[in-house]
Amino acid sequence: MNAAARTPAALTWLVLVAATSLSWWLGTDHGITNARGAATVLIVVAFVKVFLIGMQFMELRHADHRLRNAFAAYTVLVCGGLIAMLLSL
Amino acid sequence: MSRTAEELRVAPAAVPGEPGLWLFVLADMTMFAVLFGVLVELRAHQHELFVQSQAHLNRGLGALNTLLLLTGSMFVALAVGRARRGLAHADRLLIAAMGCGIAFLGVKVIEWGSKIADGITPQTNDFFSAYYMLTGIHLAHVCIGLGVLLAMLRNVRGAALKLGLLEGGGCYWHLVDLLWVVLFPLLYLMR
């Protein structure tokens, strides 16, 4: 693997594409048979990707801690909120 | 290209862009969070309708759009990093990112076009109202994002590098990416 492929941006991209492939697999009947279980995993994977995009691409891991914490809080709260809705409604 | 002391900064900023941008970014993310909630609620209360309507969506095109935005974001992140370090080819990376954005637009037009040709419009049912509304609002963000990338391209090719513009503009593009990253599974994959 050459130098360009080892950059944080390229590695982040690889992880994001792998996560997308996982979601695809889950969403196309190859994964969990329980619909709510699959939906929960899809939501978790989506917000892990959101977190990665924020920390790596947006460079929030280097940023002011208040900004980073606000972003992290959003990720956790919205992910948790959607799952709570999914499982309780 | 002349650079001021601020422009010579090689480390990422404490606040990429400026605080006002982040107020907007977090507010926009919050608005979309409400829309995501609408989708989950729709799935809960009209599950049959949700699953049957979703079957009409083209998952492959949705996934392609996800890959286009993820790749565009990678190009933007690389471009900003290179510009910050005074390296060449930041402009080519930004052009590549714009290419991804334009391709996204094209795929959306094809998708919507095929839906409309099949007689599926925002008035068809609640799922498709939500589908057109969410993808439409997102598409508007993509169009603005293309303008932002153009402004970044002009700066990178210009005389005075503005790192704040590049970092902030880059963050706007990543926002467009991360919103789709949630929309795609909720609309196309979640059953």
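Since the model is a prediction, treat every value here as computed from it, not as a measurement.

Asker: What is the right way to read the overall build of chain B from this model?
Answerer: Helices and strands together make up the secondary structure of chain B, namely six helices and zero strands. Ordered by position from N to C terminus, the α and β elements of chain B give α-α-α-α-α-α. The C-alpha extent of chain B, read off along each of the three principal axes, is 60 × 30 × 20 Å. Taking all 191 residues of chain B together, the buried fraction comes to 52%. Counted over contacts in chain B with a minimum sequence separation of 6, partners at least 24 positions apart contribute 82%. On chain B, roughly 7,600 Å² of surface is accessible, and the fraction owed to carbon and sulfur atoms is 67%.

Asker: Explain unusual backbone geometry here, please?
Answerer: Leaving glycine out, the prevailing phi sign among residues is negative, and the prevailing peptide bond configuration is trans. Residues and elements named next belong to chain A. At E59, a position not held by glycine, the phi torsion is positive, near 65°. Assignment of secondary structure puts E59 in the loop between α2 (35-57) and α3 (65-88). Exposure remark for E59: the relative accessible area of 18% places this residue in the buried category.

Asker: What exactly am I supposed to notice about the interface of chain A and chain B here?
Answerer: Size of an interface: often given as the accessible area lost when the parts come together. In this complex, chain A contributes 38 residues to the contact, which on the side of chain B involves 43 residues. Summed over both sides, the interface of chain A with chain B buries roughly 3,400 Å², with 79% coming from carbon and sulfur. Linking chain A to chain B there are one salt bridge. When the shortest N-O distance is used, the salt bridge between R84 of chain B and E59 of chain A registers 2.7 Å. For the pair chain A and chain B, the number of links is six residue pairs in polar contact (both at pLDDT 80 or more).

Asker: Teacher, can you tell me more about the side chain of T66 of chain B here?
Answerer: Examined against the element boundaries, T66 of chain B turns out to sit in helix α3 (residues 59-84). You can call T66 of chain B buried: its relative accessible area is 0%. Within the structure, the side chain of T66 of chain B is placed 3.0 Å from the side chain of W180 of chain B, a separation counted as a polar contact. Filtering out sequence-adjacent residues up to four positions away, T66 of chain B remains in contact with T20 and K49 of chain A together with W180 and F184 of chain B.

Asker: Would you explain helix α4 (residues 90-117) of chain B in this entry?
Answerer: Spanning 28 residues, α4 of chain B covers 41 Å between terminal C-alpha atoms, matching the ideal 40 Å at 1.5 Å per step. A positive phi of about 80° marks G119 of chain B, the residue just after α4 of chain B.

Conventions and cut-offs
- Residues numbered from 1 in each chain as written.
- Chains lettered and ligands numbered in written order.
- Predicted model: local features only at pLDDT ≥ 70, side-chain atom pairs only at ≥ 80, totals over all residues.
- Heavy atoms only, no water.
- Helix = DSSP H or I, 4+ residues; strand = E, 2+ residues; numbered from the N terminus.
- Buried < 20%, exposed > 50% of the residue type's maximum accessible area, 1.4 Å probe, protein only.
- Contact = heavy atoms within 4.5 Å.
- Areas by Shrake-Rupley, 256 points an atom, 1.4 Å probe, with all protein chains shown as cover.
- Buried area = accessible area lost by both parts, 1.4 Å probe.
- Salt bridge = Lys/Arg side-chain N within 4 Å of Asp/Glu carboxyl O.
- Polar contact = N/O pair within 3.5 Å; in protein donor to acceptor, adjacent residues only side chain to side chain.
- Expected span 1.5 Å × (residues − 1).

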